Amino acid sequence: MRNFQSLTTTIMNDGPQMKVVFRYQGVLDVIRSGVTPLDATPTETARATHREQLKKDDKAIYFLHQCVDSNVLKKIIEYETAKEAWDVLATTYAGDKQTKKVKLMALRRQLGQLQMEPTETVAQFVNRLIVLTNQMKSFGEAVTDSMKVEKVIMGLTPKFDNIVAAIEQSKNLDTLKLEQLIGSLEAHELKLKNRDDVKKDEKETEKALFTQSQKKESGGNESWKKKGKGKWKSN
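This text gives an overview of the structure that appears in the document. Residue indices begin from 1 for each chain and proceed along its sequence in written order. Given that this is a predicted model, residues contribute local features only at a pLDDT of at least 70 and side-chain atom pairs are listed and counted only at 80 or more, while totals for whole chains, interfaces and linings are drawn from all residues. Side-chain figures throughout are based on the complete set of non-hydrogen atoms in the structure, without hydrogens or water.

**With respect to the overall build of the chain**
Then, in step 1: Along the backbone of the chain there are 9 helices and 0 strands.
Then, in step 2: Moving toward the C terminus, one meets the helices and strands of the chain in the order α-α-α-α-α-α-α-α-α.
Then, in step 3: Between buried and exposed lies partly exposed: a residue is buried under 20% and exposed over 50% of the maximum accessible area for its type, with that area taken using a 1.4 Å probe on protein chains only. A total of 235 residues make up the chain; the buried ones form 29% of that total.
Then, in step 4: Accessible surface is estimated by sampling points in the Shrake-Rupley manner with a 1.4 Å probe; for residues, cover comes only from the protein chains shown. Split by element, the accessible area of the chain, about 16400 Å² in all, is 53% carbon and sulfur. The helix count covers DSSP runs of H or I at least four residues long, the strand count covers runs of E at least two residues long, and both are numbered beginning at the N terminus.

This is the structure:
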């Protein structure tokens, strides 16, 4: 029955997969309509039909129990007929479906607004994107590599404009792998960092030389003042 675990996501939809499986098991009618009650004075034919439906119902309830996980099973274990369990599942999954739809809409909105922060590295930005798209996948959204590539490019800060322009001119974005894009962006990021480090070192050197120069000038002035004071005293 392990192969039927996925049926828990299609029960509420009454889709083709569910119809085929339950029809193959011969229980689709009893799951949908339930067992027909006997009249006050049933005929033998009616009794035989009723017994057959009860057998189908037992088979159906067992089958439904095997199709769901332990958490869902708790919701239907107390019901004695397949139709009762079926109705509970339909209600439960209809609510879950609506909840997932709302969450997915929120995730899509977050993805649309996703932008790289000024202090963020390429790796950190891409990681936020991957976490978000993985959440979307868990709710049934199809997220392709090209969609991730496009989102990364659109969300980068202006300091990546040059490398993005080069990539767009030299690469086919429809076939460009996310890993390839990340490699190019991180190489550019490292180049920018090295350039900034050099500029920082140059500024530090200039600052040190200026400070040293100021000290020398200050020392010369102090020496001149001392000589001047000695000259006026000797007079």
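**Structural notes on the packing of aromatic side chains**
Then, in step 1: Think of it this way: a Phe, Tyr or Trp ring, Trp meaning its six-membered ring, pairs with another when their centres are within 6.5 Å, and the plane angle makes it stacked under 30 degrees, edge-to-face over 60, tilted otherwise. By the definition in use, this model includes 2 aromatic pairs.
Then, in step 2: A centroid spacing of 5.1 Å and a plane angle of 80° characterise the contact between Phe-22 and Phe-63, whose relative ring orientation is edge-to-face. Linking Phe-22 in helix 1 (residues 16-25) with Phe-63 in helix 3 (residues 44-67), this pair joins segments that are 41 residues apart in sequence. The burial state of Phe-22 is the same as that of Phe-63; both residues are buried.
Then, in step 3: Between the aromatic rings of Phe-22 and Trp-86, the centroid separation amounts to 5.8 Å while the plane-to-plane angle is 65°, which identifies the pairing as edge-to-face. One end of the pair, Phe-22, is in helix 1; the other, Trp-86, is in helix 5 (residues 82-113), with 64 residues separating them in the sequence. Each member of the pair, Phe-22 as well as Trp-86, is classed as buried.
Then, in step 4: Of the aromatic side chains, those joined through ring pairs into one cluster are Phe-22, Phe-63 and Trp-86.

**Examining the environment of Thr-144**
Then, in step 1: As for its position among the elements, Thr-144 is in the loop between helix 6 (122-138) and helix 7 (145-155).
Then, in step 2: Under the relative-accessibility criterion, Thr-144 is labelled partly exposed at 38%.
Then, in step 3: Between the C-alpha atoms of Thr-144 and Leu-178, which are 34 residues apart in sequence, the distance is 10.0 Å.
Then, in step 4: Counting of polar contacts relies on pairs of N or O atoms within 3.5 Å, with two restrictions inside protein: one atom must be capable of donating a hydrogen and the other of accepting it, and residues adjacent in sequence are counted only when both atoms are side-chain atoms. Here Ser-146 takes part through its side chain, which lies 3.0 Å from a polar atom of the side chain of Thr-144.

**Brief notes about the nonpolar core**
Then, in step 1: What we call a nonpolar core is a set of buried Ala, Val, Leu, Ile, Met, Phe, Trp, Tyr and Cys residues that are connected through their side-chain atoms within 4.5 Å. In terms of nonpolar packing, the biggest core is built from 25 residues, with Val-122, Val-152, Leu-156, Phe-160, Leu-181 and Leu-185 touching the most fellow members.
Then, in step 2: Going through the elements one at a time, helix 5, helix 6, helix 7, helix 8 (161-170) and helix 9 (178-234) are the ones with two or more residues in this core.
Then, in step 3: Ranked by the residues each element gives to this core, the list is headed by helix 6, at 6 residues.
Then, in step 4: Contact definition: two residues touch when any of their heavy atoms are within 4.5 Å. Setting aside anything within four residues of it in sequence, one finds Leu-156 in contact with Met-116, Phe-125, Val-164 and Leu-185.
Then, in step 5: Formed by 20 residues, the second largest nonpolar core is a distinct cluster that contains Leu-64, Val-68, Ile-76 and Ala-82.

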